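Overview (structure and organization)
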Amino acid sequence: MDDLINELIKSATEALKKSYSPYSKFKVGAAILTKNNKIFTGANVENASYSLTICAERVAGVKAISSGESKFKYIAIATNRNEIAFPCGACLQFLIEFSQNLKVILVKTEKKYKIFDLKELLPKNFTL
Ligand SMILES: [Zn+2]
């Protein structure tokens, strides 16, 4: 599993290079490991209207789900600031829809990261 986590962190770090963030300059990359050990990546995509901006976590999630992979084990999230960044509330809610037991890896550098349970970050969540 350590190898997969390292690969996931590398994938998130690589994905942030594809970020479209001309307004905030805050680049974020995310990589999701599915139950079938497939990796899907995403980067944040900003828009001049701001409110249409999509976070990296949801981009990766939508790619996975639309490819038929809707059970997630881990998500790694990296930024261009070499500091951990917590997912926004919208992304936490988006993610818990698909995996209540998801582990969230917040990447500072490829060697330094923190792992949280999704439920720890969103303890009172809305699910049906
Ligand atoms: Zn978000």
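Described below are features of the structure shown in this document. A quick note: this is a predicted structure, and the numbers were derived from the prediction, not measured.

Calculation notes
- The numbers attached to residues start from 1 for each chain and follow its sequence in the written order.
- Confidence filtering applies because this is a predicted model: local features only for residues at pLDDT of at least 70, side-chain atom pairs given and counted only at 80 or more, and all residues used for totals across whole chains, interfaces and linings.
- Water and hydrogen atoms were dropped before computing side-chain values, which therefore reflect all heavy atoms in the structure.
- Throughout this description, the term salt bridge denotes a Lys or Arg side-chain nitrogen within 4 Å of a carboxyl oxygen of Asp or Glu.
- Numbering goes from the N terminus for both helices and strands, where a helix is a DSSP run of H or I of at least four residues and a strand is a run of E of at least two.
- In this analysis, rings of Phe, Tyr and Trp, with Trp reduced to its six-membered ring, are considered paired at centre separations within 6.5 Å, and the interplanar angle assigns stacked below 30 degrees, edge-to-face beyond 60, and tilted for intermediate values.
- Here an axis means a line fitted to C-alpha atoms, over the contact stretch when the element is a helix, while the angle between two N-to-C directions is reported on a 0 to 180 degree scale.
- For classification purposes, angles smaller than 35 degrees are called roughly parallel, those larger than 145 roughly antiparallel, those between 65 and 115 roughly perpendicular, and all remaining angles oblique.
- By convention the crossing between two helices is left-handed if the near helix lies anticlockwise of the far one by an angle smaller than a right angle, and right-handed if it lies clockwise.
- In this analysis, two residues are considered to be in contact whenever any of their non-hydrogen atoms come within 4.5 Å of each other.
- Each residue is assigned to one of three groups, with Ala, Val, Leu, Ile, Met, Phe, Trp, Tyr, Cys and Pro labelled nonpolar, Asp, Glu, Lys and Arg labelled charged, and all others, Gly among them, labelled polar.

**Examining the pattern of salt bridges**
- Taken as a whole, this structure holds four salt bridges when the rule is applied.
- Put simply, Glu14 and Lys17 hold a salt bridge, and the shortest N to O gap is 3.1 Å.
- With a closest N to O distance of 3.7 Å, Lys38 and Glu69 form a salt bridge. With Lys38 in the loop between β1 (28–34) and β2 (39–43) and Glu69 in the loop between α2 (56–65) and β3 (72–79), this residue pair connects regions lying 31 residues apart in the sequence.

**Observations regarding the packing of aromatic side chains**
- In the structure shown here, the tally under the stated rule is four aromatic pairs.
- For the pair Tyr23 and Tyr50, a centre-to-centre distance of 5.5 Å together with 40° between the ring planes defines the contact as tilted. Separated by 27 residues along the polypeptide, Tyr23 in the loop between α1 (2–15) and β1 and Tyr50 in the loop between β2 and α2 bring together distant segments of the chain.
- Among the aromatic side chains, those forming a connected cluster through ring pairs are Phe72, Phe94 and Phe98.

**Points about the packing of α2 against helix α3 (residues 89–96)**
- Between α2 and α3, whose axes approach to 9 Å, the crossing angle comes to 20°. For the element pair α2 / α3, the angle class is roughly parallel. Handedness of the α2/α3 crossing: left-handed. The residues of α3 that touch α2, namely those facing Glu57, Arg58, Gly61, Val62 and Ile65, are Ala90, Cys91 and Phe94.
- Of the residues belonging to the contact of α2 with α3, the class tally is five nonpolar, one polar and two charged.

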